[in-house]
Amino acid sequence: MDQSVFIFQILLPVLMEGMVVTIKLIALTAPLGLVLGILVAVGRTYGSKPISLLCNGAVAFIKGTPLLLMLFILYFGLPSVGITLSAFVASLVGFIMCNGAYSSEYIRGAISSVKEGQIIAAQALGMTKMQAVRHIILPQALIRAIPGLSNEFIYLIKYSSLAYMLTVIELTGAGKMVAAKYFEFTEVFMIIGMGYLLLVTITTIAVMLIERKVAIPGMTQSGRNMLDIL
Amino acid sequence: MENNGTILRVENIHKSFGDLEVLKGVTFDVTKGETICFIGPSGTGKSTLLRCINLLTQPDQGSVWLGGEEVTNSGKKINHFRQRIGMVFQNFFLFDHLTAIRNVEIALIKVRGMNPKDAREKALEELRQVGMEEWAEHYPAELSGGQAQRVSIARALAMDPDVILFDEPTSALDPELTREVLEVMKKLALAGMTMLVVTHEMGFACSVANRIMFMEHGEIKEQGSPEELMSDTKFERCKNFIGQFDQTNGD
């Protein structure tokens, strides 16, 4: 069979379908993971002792176990206690937990980098602690957390391929099936790799644009990133 | 207890940090419209005293009353009192991520629940009062220290406080910037704002204050009007502290 026929008529249509699933996984995980990360970071930093302990414990657990194992528990383990999740939902839950746990670390670090005077000034104006966190601390922390969070987003793009282990036919899974059927491993996996590379590149550029957009004089180191240098 | 216009009453405030007793029972009344300057050596509890008034620091003992209501032991209502007690800090503490005008309006919107349009108008008006309306859209990092401090005064003013606490407002500024901030404060004092000012600016204290409190070792050692402090022989310690101060320096 002609190579170009194989690539364009057989491989790419299948990969496109897989890509759609991959993008769905990422697009659903990223915002929910970010929200979870913010909540957990705030809980760890400002929560009461039990809340702080709970958040810290959960993060330690998620960081301390392989993501694949978590996915297996969610998909294969939970039915035994009466919770059955579809492969897609189980992957999603696992990814959100993982993304949230790591994001909370970046956000927590950024929160502690906000100068104490900021919260004192907010409280002196009559803000409650939570108002101060929401309107003063978090906006500053999130701007500072962008580089870390974007890193986590890039990890997510790549570990989304683990969903294949739960039978979700995403980019890697789709390619694997074609590769096995036509015995064309090298080409297929290289093209898949380029697919991920494309996603990561788009992300990197998007993050640079966001960083430039939210740059605030005095808050972000000179506000310079690759875009300004190029 | 609300006779003859007492707006703020501070009663027997004690505060210790570990073994160090910073405030050893401080008591005073503030009349509406009065400007009181607190002077004295560093580390004698002046700033801590101010922070005990709006409970940014919790006093160990004693009480604070604002217009007849107790501020201490007010539980969640403390945020209501803090809106009525403005505070200006030595290092400004402007919100770094907000422009000057957003700094002034944010508490109006988020705490007072004012609608954004009215808040903006009021914030602009306050910035105008301190001569900063042209800098409304600039971020704190783009302002000089004196400008930043004027914005932080506008931020405090915007809440229409009953009293404003100034915690060494010019200690981080050079003489020129100090002057521009003191001029704004003087204007406020003359306009009848009630102000408690911790300062080392004797010229300002003598020309603007109605009363000067000399603090040392956690107590108010001597107090009186600037004239009394300068002339009366009983204010020995205070005069020693000020040294060769010449009253004509006051502008």
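Shown above is the structure to which this text applies.
Residues numbered from 1 in each chain as written. Chains lettered and ligands numbered in written order. Predicted model: local features only at pLDDT ≥ 70, side-chain atom pairs only at ≥ 80, totals over all residues. Heavy atoms only, no water.

**Student:** How should helix α7 (residues 171-182) of chain A be read in this particular structure?
**Tutor:** Residue and element names in this part refer to chain A. Taking 1.5 Å of rise per residue, the twelve residues of α7 would be expected to cover 16 Å, and the 17 Å separating its terminal C-alpha atoms lies within 8% of that figure. Looking only at α7, the buried set comprises Leu 171, Gly 173, Ala 174, Gly 175, Val 178 and Ala 179. Contact partners of the buried residues in α7: α1 (3-46) and α8 (185-214). Sitting at the amino-terminal end of α7 is Glu 170, which places a side-chain oxygen 3.1 Å from the backbone nitrogen of Thr 172. (Helix = DSSP H or I, 4+ residues; strand = E, 2+ residues; numbered from the N terminus. Expected span 1.5 Å × (residues − 1). Buried < 20%, exposed > 50% of the residue type's maximum accessible area, 1.4 Å probe, protein only. Contact = heavy atoms within 4.5 Å. Polar contact = N/O pair within 3.5 Å; in protein donor to acceptor, adjacent residues only side chain to side chain.)

**Student:** I keep staring at the packing of helix α5 (residues 145-158) of chain B against helix α6 (residues 175-190) of chain B and nothing clicks. Help me out?
**Tutor:** Two quantities define a packed helix pair, namely the angle between the helix axes and the distance between the axes. Residue and element names in this part refer to chain B. Between α5 and α6, the shortest axis-to-axis distance is 8 Å and the interhelical angle comes to 20°. Of the possible angle classes, the one that applies to α5 and α6 is roughly parallel. For α5 against α6, the interelement crossing comes out right-handed. The residues of α6 that touch α5, namely those facing Gly 145, Gly 146, Gln 147, Gln 149, Arg 150, Ile 153 and Leu 157, are Leu 177, Glu 180, Val 181, Val 184, Met 185 and Leu 188. Class assignment of the residues belonging to the contact of α5 with α6 gives a composition of seven nonpolar, four polar and two charged. (Axes fitted to C-alpha atoms, helices over the stretch in contact; angles between N-to-C directions. Parallel < 35°, antiparallel > 145°, perpendicular 65-115°, else oblique. Left-handed = near helix turned anticlockwise from the far one by under 90°. Nonpolar A, V, L, I, M, F, W, Y, C, P; charged D, E, K, R; others polar.)

**Student:** I tried to follow the pairing of strand β3 (residues 35-39) of chain B on my own but got confused; where do I start?
**Tutor:** The side chains of a regular strand alternate, residue by residue, between the two faces of the sheet. Residue and element names in this part refer to chain B. For β3, the buried fraction is high: five of the five residues fall into the buried class. Burial along β3 is two-sided: Thr 35, Cys 37 and Ile 39 facing one way and Ile 36 and Phe 38 facing the other are all buried. Note that β3 and strand β8 (residues 195-198) share four bridges and pair parallel. Residue pairing in the sheet places Cys 37 in a bridge with Val 197 of β8. Pairing geometry for β3 and strand β9 (residues 211-216), over four bridges, is parallel. (Pairing = 2+ DSSP bridges.)

**Student:** Sorry, what's going on with the packing of aromatic side chains here?
**Tutor:** The tally for this structure, following the rule as stated, stands at nine aromatic pairs over all chains. For the ring pair A:Phe95 and A:Tyr159, a centre distance of 5.5 Å and an interplane angle of 50° mean the geometry is tilted. Taken as a pair, A:Phe95 in helix α4 (residues 87-113) and A:Tyr159 in helix α6 (residues 129-159) lie far apart in primary sequence, 64 residues in all. The class for A:Phe95 is buried, based on a relative accessible area of 0%. Cation over ring: B:Arg155 sits above B:Phe95, and NZ or CZ is 4.6 Å from the ring centre. (Phe/Tyr/Trp six-rings, centres within 6.5 Å; stacked < 30°, edge-to-face > 60°. Lys NZ or Arg CZ within 6 Å of the ring centre and 35° of its normal.)

**Student:** Could you clarify how one ought to interpret the pairing of strand β6 (residues 85-88) of chain B in this entry?
**Tutor:** Residues and elements named next belong to chain B. Burial along β6 is two-sided: the residues Ile 85 and Met 87 and Gly 86 and Val 88 are all buried. Both β6 and strand β7 (residues 163-167) contribute to a ladder of four bridges, which runs parallel. Across the sheet, residue Ile 85 finds its bridge partner in β7, namely Val 163.

**Student:** Which parts of the structure should I look at to understand the nonpolar core?
**Tutor:** One broad rule of soluble globular proteins: the nonpolar side chains tend to lie buried together. Residues B:Phe28, B:Ile53, B:Ile153 and B:Leu196 are the most contacted members of the largest nonpolar core, which totals 109 residues. With eight residues, the top contributor of residues to this core is α6(A). When sequence neighbours within four positions are dropped, the list of residues in contact with B:Leu196 reads B:Leu8, B:Phe28, B:Val30, B:Ile36, B:Phe38, B:Leu50, B:Ile53, B:Val163, B:Ile164, B:Leu165 and B:Phe166. Listed in part, the 41 residues of the second largest apolar core include A:Leu15, A:Phe95, A:Val168 and A:Val200. (Core = buried A, V, L, I, M, F, W, Y, C linked by side-chain atoms within 4.5 Å.)

**Student:** Would you mind showing me how to read the sheet that holds β3(B) here?
**Tutor:** Within a beta sheet, neighbouring strands are joined by backbone hydrogen bonds and run either parallel or antiparallel to one another. Residues and elements named next belong to chain B. The mixed open sheet is built from six strands, whose spatial order is β6-β7-β8-β3-β9-β10. One side of each edge strand has no neighbouring strand; the edge strands of this open sheet are β6 and β10 (219-224). Each strand of the sheet is rotated relative to its neighbour by a mean of 20°, with strand direction disregarded. Sitting on the sheet, helix α1 (residues 46-53) is in contact with β3, β6, β7, β8 and β9, with an inclination near 150° to β7.

**Student:** Just checking my understanding: could you explain the sheet that holds strand β4 (residues 61-66) of chain B for this structure?
**Tutor:** Residue and element names in this part refer to chain B. In space, the four strands of this open sheet follow the order β2-β1-β4-β5, with antiparallel pairing throughout. Because the sheet does not close on itself, it has two edges, and the strands there are β2 (20-31) and β5 (69-70). Bridge analysis of strand β1 (residues 6-17) against β4 gives five bridges, and the strand direction is antiparallel. Within β4, the residue paired with Val 10 across the bridge is Val 64.

**Student:** Sorry if this is basic, but what is going on with the packing of helix α5 (residues 116-124) of chain A against α6(A) here?
**Tutor:** Residue and element names in this part refer to chain A. At a closest axis distance of 9 Å, the pairing of α5 and α6 adopts a crossing angle of 140°. As far as their axial angle goes, α6 and α5 are oblique. By crossing handedness, the relation of α5 to α6 is classed as right-handed. Counting all contacts with α5, which are made through Gln 118, Ile 119, Ala 122 and Gln 123, the residues of α6 involved are Lys 129, Ala 132, Ile 136, Ile 137 and Gln 140.

**Student:** Mind showing me how you'd approach the environment of A:Thr167 here?
**Tutor:** Residues and elements named next belong to chain A. Examined against the element boundaries, Thr 167 turns out to sit in the loop between α6 and α7. Taking C-alpha positions, Thr 167 is 6.5 Å from Ala 87, a pair spaced 80 residues apart along the chain. Excluding residues that lie within four positions of it along the chain, Thr 167 makes contacts with Tyr 75 and Ala 87.

**Student:** Would you mind going over the interface of chain B and chain A with me for this structure?
**Tutor:** Quoted interface sizes are often the accessible area lost when the parts come together. At the interface, 23 residues of chain B touch 21 residues of chain A. Together chain B and chain A conceal approximately 1,900 Å² of surface at their shared face, both sides included; 68% is due to carbon and sulfur atoms. In terms of surface lost to chain A, no three residues of chain B exceed B:Phe95, B:Asp96 and B:His97, which account for 31% of the buried area on that side. Our count for the chain B to chain A interface comes out at one salt bridge. For A:Lys115, the salt bridge identified is with B:Asp96, shortest N-O distance 3.0 Å. For the interface between chain B and chain A, the tally reads six residue pairs in polar contact (both at pLDDT 80 or more). Among the elements of the structure, α2 (78-84), β6 and α3 (100-110) of chain B are those that each provide at least two residues to the side of chain B that touches chain A. Here the residues of the side of chain B that touches chain A are counted per class, giving 13 nonpolar, four polar and six charged. (Buried area = accessible area lost by both parts, 1.4 Å probe. Salt bridge = Lys/Arg side-chain N within 4 Å of Asp/Glu carboxyl O.)

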